[in-house]
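Here are the chains, one letter per residue:
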Amino acid sequence: MPTVLPSYARVVEALTPVMRGLPGVIVTIDGREGVGKTTLGRYLAWRFNVTLIETDLFLIPAQDYVIHLDDQINRIIERRVTRPRPVIVEGVSMLQLMKRINRAPDFSIYVANRNPLASGIMERRLAAYERTFTPQALANVVVTIER
């Protein structure tokens, strides 16, 4: 059996009762770019045998800001939660995305990193998002994943 990072084990411990107790639960993984959200999301999707929506795959190319294909992401979430099956949604600005599609996460994870990658306009946009939505303060679990 592979070794599990302590930060991953802590998330699994916190998330297990939620995943077992709520069918159709929505879990979000938020954080800056390049901090390990997708890797954590893939691990959790494997661990709990649930769908992972990697929102980076639903981006419209734009310079220095993020535009998601909200309707497609919402459609996938709807299909999962009405089955009812849990779904994990990961990416930057998750609370903003959830607000746009009129959904709220049942459990949220914020992934931090001591060395953020964003710079310039993107850094200012992410900082504004974090001031407005305070994702780290609202998260059920905050983890730092070392690179």
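Before any of the text, the structure's been laid out above.
Predicted model, so just to flag it, every value in this text is computed and none were measured. (Residues numbered from 1 in each chain as written. Predicted model: local features only at pLDDT ≥ 70, side-chain atom pairs only at ≥ 80, totals over all residues. Heavy atoms only, no water.)

### Describing helix H5 (residues 120-133)
Residues spaced three or four apart along an α-helix point in a common direction, a consequence of the helix completing one turn every 3.6 residues. Basically, it comes down to this: Here a helix means four or more residues in a row that DSSP labels H or I, a strand means two or more in a row labelled E, and each is numbered from the N terminus. For a helix, the expected span equals 1.5 Å multiplied by the number of residues minus one. For each residue, the accessible area found with a 1.4 Å probe, counting protein chains only, is set against the maximum for its type, and the residue is called buried under 20%, exposed over 50%, and partly exposed in between. Directions from the helix axis toward the C-beta atoms define the arc. When checking whether two residues touch, look at their non-hydrogen atoms; a contact exists if any pair is within 4.5 Å.
Compared with the 20 Å implied by 1.5 Å per residue over 14 residues, the 20 Å span of H5 between its first and last C-alpha is a close match. Listed as buried for H5 are Met122, Leu126, Ala127, Tyr129 and Phe133. Angularly, the buried residues of H5 cover 160 degrees about the axis, an arc narrow enough to put them on a single face. Facing away from the buried side of H5 by over 90 degrees, the exposed positions are Arg124, Arg131 and Thr132. Here the buried face of H5 lies against strand S1 (26-31), helix H4 (94-100) and helix H6 (135-138).

### Digging into the pairing of strand S6 (residues 107-112)
Counted only if it meets this: Being paired, for any two strands, means DSSP has found at least two bridges between them.
Extensive coverage of S6 is indicated by the burial of 6 of its 6 residues. Neither face of S6 is open: one carries Phe107, Ile109 and Val111, the other Ser108, Tyr110 and Ala112, and all of them are buried. Across 5 bridges, the pairing between S1 and S6 is parallel. Across the sheet, residue Val27 finds its bridge partner in S6, namely Phe107. Bridge analysis of S6 against strand S7 (residues 141-144) gives 4 bridges, and the strand direction is parallel. Each residue of the ladder has a partner; that of Ile109, found in S7, is Val141.

Spatial relationships are all this shows, so hold off on functional conclusions.
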